[in-house]
Structure formats: structure tokens, C-alpha cells
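What follows is the residue order along each chain.
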Amino acid sequence: KLIKSIKELKKKKVLLKDISKNFGSHYSYILKNINKNGVIKLDFILFLKDFYSIDLTKYITYLETGHRTNRVLFPKELTKELASIIGAILADGHIRYRETVGWNNRKPIHYELVLREEYLSNVNVFTNWFNHIFGTSIKYHKRINHYEFYVSNKALILFLDKILKIPVGRKTEIIDVPKYISDSKLEIKIAFLK
């Protein structure tokens, strides 16, 4: 459906060559991914939404990077569970991009979500919400004086950053309630605050 909707942009008099030029990529590269791989970059979808007001996010089912082991479900709507996840990350966790030294002096980026919590019941509930919403099977770990939930998944972290607008960095420096939470229904706000 997503691929078909992009191909139908011609009917709206939006030419793929014009889109490609504004996006800064050759249209043959975009077409190759659409036709051969069936994969469309999230940056391209966000660009269409911001630049042309064409929202194709409703057609996304999964987010993935590189290979399918990184595949996560794409939540279609802001539910109480998702609001609770966002609130827990802002209260007891953070997302970050961590540069490391790799093979041949390359500096790969690790995309990480870290949540630390003192109480087992809280981290257990968070883990269940998270795995249900994103279709993952991540487990928390017991540390000396807390429990830790850790994820290193580029697709997921980019979703939290670029789509959900969760600030990157440690919470003491960047905490901010996303506008879509403050503009949402009361039940969503309550779930976020809990």
C-alpha cells in the first residue's frame, strides 16, 4: 500500500523527479528501493510529510535497518500503553547516540535506549508494554541497586527521536513533554503521567 501510494503521486501532479531533486537524491535510487527492495527510507517519508504535506505513515507496518533482526512494529496511534512508555522514558530513561571506535578506526554510532528503575514491578510492566507495542522480546537485567532495560536498535531509536520527538540525551538536560501529549485526550495524559 505504501509503495502503491508513492507511485500514485503522479496523479496528484507531484513528479518523482521533482521530489527527488528537493530531497537531494536521484529518483532512480528512490525507484530502485521502491520497486526492487520494497523498502522506503523513513527520512524520505518524513520529507514527503513536511515538504509536500503527504502523510504516508499510515501505510507503514514495520521499521527496520539492515536486516530483519532489527525489525520493530510501527505503532499506528497514540495509545495509553505508548503514552506510558514515553512517560517512563522521560522519567527514568533516555535515548542516545553513542559514538565508539570500531574496526579500521571507523566510528560507528550505537543507537540506544536505557531505562533504569529501582522497583521490579515497574520495570516488569514497562517491559511488557514495550514488547507488546513494538513486537520485540527484550528482557530487563538486574544490576547491583536497580533494574535496567537496554535496547540498541537504530530503527527503534530513530522512531522515538524523529517521530515521537523524545529528546536525545540525559533527562536532566533535555526533559520536555511532547506537544502531542499535552494536546491529547485526558486518558492519554494520565497514562503519560503515571
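Above this text you will find the structure in question.
Residues numbered from 1 in each chain as written. Predicted model: local features only at pLDDT ≥ 70, side-chain atom pairs only at ≥ 80, totals over all residues. Heavy atoms only, no water.

A. Structural context of the packing of aromatic side chains. In total, this model carries nine aromatic pairs according to the counting rule given. Where phenylalanine 130 meets phenylalanine 134, the ring centres are 4.8 Å apart and the plane angle is 50°; that geometry is what we call tilted. Here the residue phenylalanine 130 and the residue phenylalanine 134 both occupy positions in helix α6 (residues 120–134), the gap between them amounting to four residues, near one helical turn. You can call phenylalanine 130 buried: its relative accessible area is 0%. Between tyrosine 140 and tyrosine 147, the ring centres sit 6.0 Å apart and the planes meet at 85°, which makes this aromatic pair edge-to-face. Owing to a relative accessible area of 27%, tyrosine 140 belongs among the partly exposed residues under this scheme. A relative accessible area of 15% means that tyrosine 147 is categorised as buried. Cluster of aromatic residues (ring-pair linked, three or more members): Phe74, Phe126, Phe130, Phe134, Phe149 and Phe159. One cation-aromatic arrangement involves arginine 71 over tyrosine 62; the distance from NZ or CZ to the ring centre is 4.2 Å. (Phe/Tyr/Trp six-rings, centres within 6.5 Å; stacked < 30°, edge-to-face > 60°. Helix = DSSP H or I, 4+ residues; strand = E, 2+ residues; numbered from the N terminus. Buried < 20%, exposed > 50% of the residue type's maximum accessible area, 1.4 Å probe, protein only. Lys NZ or Arg CZ within 6 Å of the ring centre and 35° of its normal.)

B. Geometry of the pattern of salt bridges. One pass over the structure, following the stated rule, counts seven salt bridges. Across the pair arginine 96 and glutamate 112 runs a salt bridge, and its minimum N-O distance is 2.5 Å. Taken together, the residues span a long stretch of sequence, with arginine 96 in strand β3 (residues 93–99) and glutamate 112 in strand β4 (residues 109–117) at a distance of 16 residues. When its relative accessible area of 24% is taken as the criterion, arginine 96 is described as partly exposed. A residue is classified by how much of its surface remains accessible, and glutamate 112, at 0% relative accessible area, is buried. Close ionic contact of arginine 143 with glutamate 148 constitutes a salt bridge, the shortest N to O distance being 3.0 Å. Given the relative accessible area of 36%, arginine 143 is considered partly exposed. (Salt bridge = Lys/Arg side-chain N within 4 Å of Asp/Glu carboxyl O.)

C. Up close: the layout of surface pockets. Taken as a whole, the second largest pocket encloses approximately 410 Å³ of empty space. As for the second largest pocket, its lining consists of 18 residues, of which Lys49, Thr57, Phe74, Ile163 and Leu164 are closest to the centre. Within the residue set of the lining of the second largest pocket, elements represented by two or more residues are α4 (42–52) and α7 (154–163). Classifying every residue of the lining of the second largest pocket gives nine nonpolar, one polar and eight charged. (1 Å grid on protein atoms, 1.4 Å probe; cavity = no way out; pocket = protein on both sides within 12 Å on 5 of 7 lines; lining within 4 Å. Points joined across faces, edges and corners; volume = space filled by probe spheres on them. Nonpolar A, V, L, I, M, F, W, Y, C, P; charged D, E, K, R; others polar.)

D. Layout of the sheet that holds β3. The four strands lie next to each other as β3-β4-β6-β5, forming an open sheet whose pairing is antiparallel. Since the sheet does not close on itself, it has two edges, and those belong to β3 and β5 (141–142), each with one partner. Of the strand pairs in this sheet, β5 and strand β6 (residues 147–152) are connected by two bridges, and their pairing is antiparallel. Its bridge partner being in β6, lysine 142 is matched across the sheet by tyrosine 147. Across the sheet, helix α5 (residues 80–92) touches β3 and β4, and the angle it forms with β4 is around 85°. Here α6 sits on the sheet in contact with β4 and β6, set at roughly 25° to β6. (Pairing = 2+ DSSP bridges. Contact = heavy atoms within 4.5 Å. Axes fitted to C-alpha atoms, helices over the stretch in contact; angles between N-to-C directions.)

E. Region of the structure containing unusual backbone geometry. The phi angle at lysine 165 is positive, at roughly 60°, despite the residue not being glycine. Within the secondary structure, lysine 165 sits in the loop between α7 and α8 (171–174).

F. Inspection of the environment of isoleucine 157 at higher detail. By the element assignment, isoleucine 157 lies in helix α7. Residue classification places isoleucine 157 among the buried positions, given a relative accessible area of 0%. Between the C-alpha atom of isoleucine 157 and that of tyrosine 111, which follows or precedes it by 46 residues, the distance is 6.0 Å. Filtering out sequence-adjacent residues up to four positions away, isoleucine 157 remains in contact with Ile95, Arg96, Tyr97, Tyr111, Glu112, Leu113 and Val151.

Read these as layout, nothing more, since geometry by itself doesn't imply function.
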